[in-house]
Amino acid sequence: MTQDFSQLDRNGRLRHLITLDGLDPGLIRELLDRAQGYLCLPGQLPPRGGDLRGWTIANLFAEPSTRTRASFELAALRLGADSLNLDVMLSSRVKGESILDTIYTLQAMQVDVFVIRDAEPGILELVARHVDDHVCVISGGEAHISHPTQGLLDALTIQQSKGGFRDLVVAIVGDIRHSRVARSAYRALTALGVAELRIIAPEEMMPDTGEFTGAIRCRSIDAGIEGADVVMMLRIQRERIAGSATTDLRHYHEQYGLTAARLARADASAVVMHPGPMNRGVEISSEVADGPQSVIRRQVSNGVAIRMAVLAHVAEARGRRMP
Ligand code: ASP
């Protein structure tokens, strides 16, 4: 974000959620606690609420999405909002309409929250600067830069699995250079005081040295996951790498794929995470993805709860409720 822009309102509450960068750890913990209250046991009916009754949420996703988009839509519906999914690839944007004209059009239909995923850095802030005062903008993933609700759901999953962050060693493995998930996980975990963060990647997938300050960099997955409490796997972001079709996937799996044999190097009670979509047999074997240490589906459940928490928070902060 640029210096003169803030996603917080004057009370320090979220007006928008574009990044976890600089977010107060107390506010992050508050969102995690709030999300915890929206969870239920498998088979139970999911908690609902009326916090967003009368609100309209529009999902504008200009990149593919399964989990994030579905969970934002369910979160809005479970909180009583109207939810609109606009397929941006089929909207007037492909006819040359600017993103701001699309936003103004939907704003004229009384949309109160825009959830936006875009491949262009800076679009989220641009929109947030131009919406009406009562309107909120929430990131559903911005280029390789930021995926704040993913960072929050990852933090919640780790908190549930491990009870806290202070003594934890977290290893993030894969295409970190092109990953908004890794960047937001880094921000959340650093804010929450994680003991040690390791980033493990081949040279071309390692971020520049100015990023991930304080993290231990490692080329070898075998050395990097040794004794780790959490192993977070990432897919190769082929859409962000020119010429990536030439990546030898079998070789990549041999070098960086998480197999059961490799996982045995991590702590015996380590959990395995993956934001999805998974490329089985590339960055992770099915044996591990479906194995007892995997919390990948728990991440998905937590995703709905985190998105409910964020929506309820911004609605509360705006103070607009149905009479
Ligand atoms: N679903 C995540 C994202 O949107 C991770 C991925 O696509 O690899 O960034």
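Think of each chain on its own: its residues are numbered from 1, step by step along the sequence as written. Reporting of local features is limited, given that this is a predicted model, to residues whose pLDDT is at least 70; pairs of side-chain atoms are given and counted only at 80 or more, and all residues count toward the totals for whole chains, interfaces and linings. Derived side-chain values reflect all non-hydrogen atoms in the structure, with water molecules and hydrogen atoms excluded from consideration.

Chemist: Describe the side chain of Thr19, with residues and values.
Modeler: Each helix corresponds to a stretch of at least 4 residues labelled H or I by DSSP, and each strand to a stretch of at least 2 residues labelled E; elements are numbered beginning at the N terminus. Residue placement: Thr19 occurs in the segment before helix 1 (25-36). Looking at Thr19, the relative accessible area reads 10%, which means it is buried. At 2.9 Å, the side chain of Thr19 forms a polar contact with the backbone nitrogen of Asp21. We call two residues contacting when some pair of their heavy atoms lies within 4.5 Å. The contacts of Thr19, once residues within four sequence positions are left out, are Met1, Gln7, Ser146, Pro148 and Arg187. Each residue is placed in one exposure class: buried if its accessible area under a 1.4 Å probe, protein chains only, is under 20% of its type's maximum, exposed if it is over 50%, and partly exposed if it falls in between. Pairs of N or O atoms are called polar contacts if they sit within 3.5 Å, as long as, within protein, a hydrogen donor faces a hydrogen acceptor (for residues adjacent in sequence, only side-chain-to-side-chain pairs).

Chemist: Give me the pattern of salt bridges: which residues, what numbers.
Modeler: Definition used for salt bridges: Asp or Glu carboxyl oxygen within 4 Å of a side-chain nitrogen of Lys or Arg. Evaluated as defined, the whole model comprises 17 salt bridges. A salt bridge links Arg235 to Glu239, with the shortest nitrogen-to-oxygen separation between them at 2.7 Å. Judged by its relative accessible area of 48%, Glu239 is partly exposed. The structure contains a network of salt bridges with shared partners spanning Asp222, Glu226, Arg262 and Arg265.

Chemist: Can you break down the packing of aromatic side chains residue by residue, with the values?
Modeler: Stacked, edge-to-face and tilted are the three classes for Phe, Tyr and Trp ring pairs, Trp counted by its six-membered ring, which pair at centre distances within 6.5 Å; planes under 30 degrees apart are stacked, over 60 edge-to-face, the rest tilted. In total, this model carries 2 aromatic pairs according to the counting rule given. Ring centres 5.0 Å apart and planes at 50° place the aromatic pair Tyr186 and Phe212 in the tilted group. One end of the pair, Tyr186, is in helix 6 (residues 180-191); the other, Phe212, is in the loop between strand 6 (196-200) and strand 7 (216-218), with 26 residues separating them in the sequence.

Chemist: So what about the pairing of strand 1 (residues 56-61)? Which residues, and what values?
Modeler: Of all 6 residues making up strand 1, 6 are buried, and the element is well covered by its neighbours. Side-chain alternation along strand 1 places Thr56, Ala58 and Leu60 on one buried face and Ile57, Asn59 and Phe61 on a second face that is also buried. Two strands form a pair only when DSSP identifies at least two bridges running between them. Both strand 1 and strand 2 (residues 82-87) contribute to a ladder of 6 bridges, which runs parallel. From the neighbouring strand, Phe61 faces strand 2, where its bridge partner is Asp87. The parallel pair strand 1 and strand 2, bridged by helix 2 (residues 67-78), forms a crossover whose chirality is right-handed. Inspection of the sheet shows strand 1 paired to strand 3 (residues 113-118) by 5 bridges, in the parallel sense. The path from the first strand over the helix to the second decides the hand: if it runs clockwise while the strands point away from the viewer, the crossover is right-handed.

Chemist: Can you tell me about the confidence of the model for the chain, naming the residues and giving the values?
Modeler: Confidence scores labelled pLDDT are given residue by residue by the predictor and lie between 0 and 100. Scored by pLDDT, the chain has a mean of 95; 98% of the residues are at 70 or more. Mean pLDDT values over the elements of the chain span from 92, in strand 2, up to 99, in strand 9 (residues 271-273).

Chemist: Provide a residue-level description of the site of the ligand, including the pertinent values.
Modeler: In the vicinity of the ligand, the contacting residues are Arg117, His147, Arg180, Val181, Arg235, Gln237, Pro275, Gly276 and Pro277. At 3.1 Å from an oxygen atom of the ligand is found a side-chain nitrogen or oxygen belonging to Arg117. Contact distances for the ligand include 2.7 Å between an oxygen atom and a side-chain N or O atom of Gln237. Burial of the ligand by the protein chains amounts to 91% of its free accessible area of 260 Å². When grouped by side-chain class, the residues that make up the shell around the ligand number 3 nonpolar, 3 polar and 3 charged. For this description, a residue counts as near a given molecule or strand if any of its non-hydrogen atoms is within 4 Å of it. Methods summary: accessible areas were calculated by the Shrake-Rupley approach with a probe of 1.4 Å, and residue burial reflects only the protein chains presented. Residue classes follow a fixed rule: Ala, Val, Leu, Ile, Met, Phe, Trp, Tyr, Cys and Pro count as nonpolar, while Asp, Glu, Lys and Arg count as charged, and any other residue, Gly among them, counts as polar.

Chemist: Help me get a handle on the sheet that holds strand 1, residues and values and all.
Modeler: In space, the 4 strands of this open sheet follow the order 2-1-3-4, with parallel pairing throughout. Of all the strands in the sheet, the pair left with one neighbour each is strand 2 and strand 4 (136-142). Neighbour-to-neighbour, the strand axes of the sheet open up by a mean angle of 15°, direction not taken into account. Every angle, taken between N-to-C directions, lies between 0 and 180 degrees, and every axis is a line fitted to C-alpha atoms, over only the stretch in contact when it is a helix. Packing against the sheet, helix 2 makes contact with strand 1, strand 2, strand 3 and strand 4, and its axis sits at approximately 175° to strand 1. Taken strand by strand, helix 4 (residues 123-130) contacts strand 3 and strand 4, and its axis lies near 170° from that of strand 4.

Chemist: Which residues make up the side chain of Arg180, and what values go with them?
Modeler: Residue placement: Arg180 occurs in helix 6. Here the side chain of Arg180 touches Ala143 through a polar contact of 3.0 Å, landing on its backbone oxygen. Those residues in contact with Arg180 that sit more than four places away from it in its chain are Glu63, Arg117, Asp118, Gly141, Glu142, Ala143, His144, Ile145, Ser146, His147 and Arg240.

Chemist: I'd like a description of the pairing of strand 4, backed by residues and values.
Modeler: The side chains of a regular strand alternate, first on one face of the sheet and then on the other. Taking burial as the measure, the 7 residues of strand 4 include 7 buried ones, the bulk of the element. Bridge count for strand 3 against strand 4 is 5 bridges, and the pairing is parallel. The partner of Val115 across the bridge, within strand 4, is Ile138. Since strand 3 and strand 4 lie parallel, the crossover through helix 4 that links them has a hand, and here it is right-handed.

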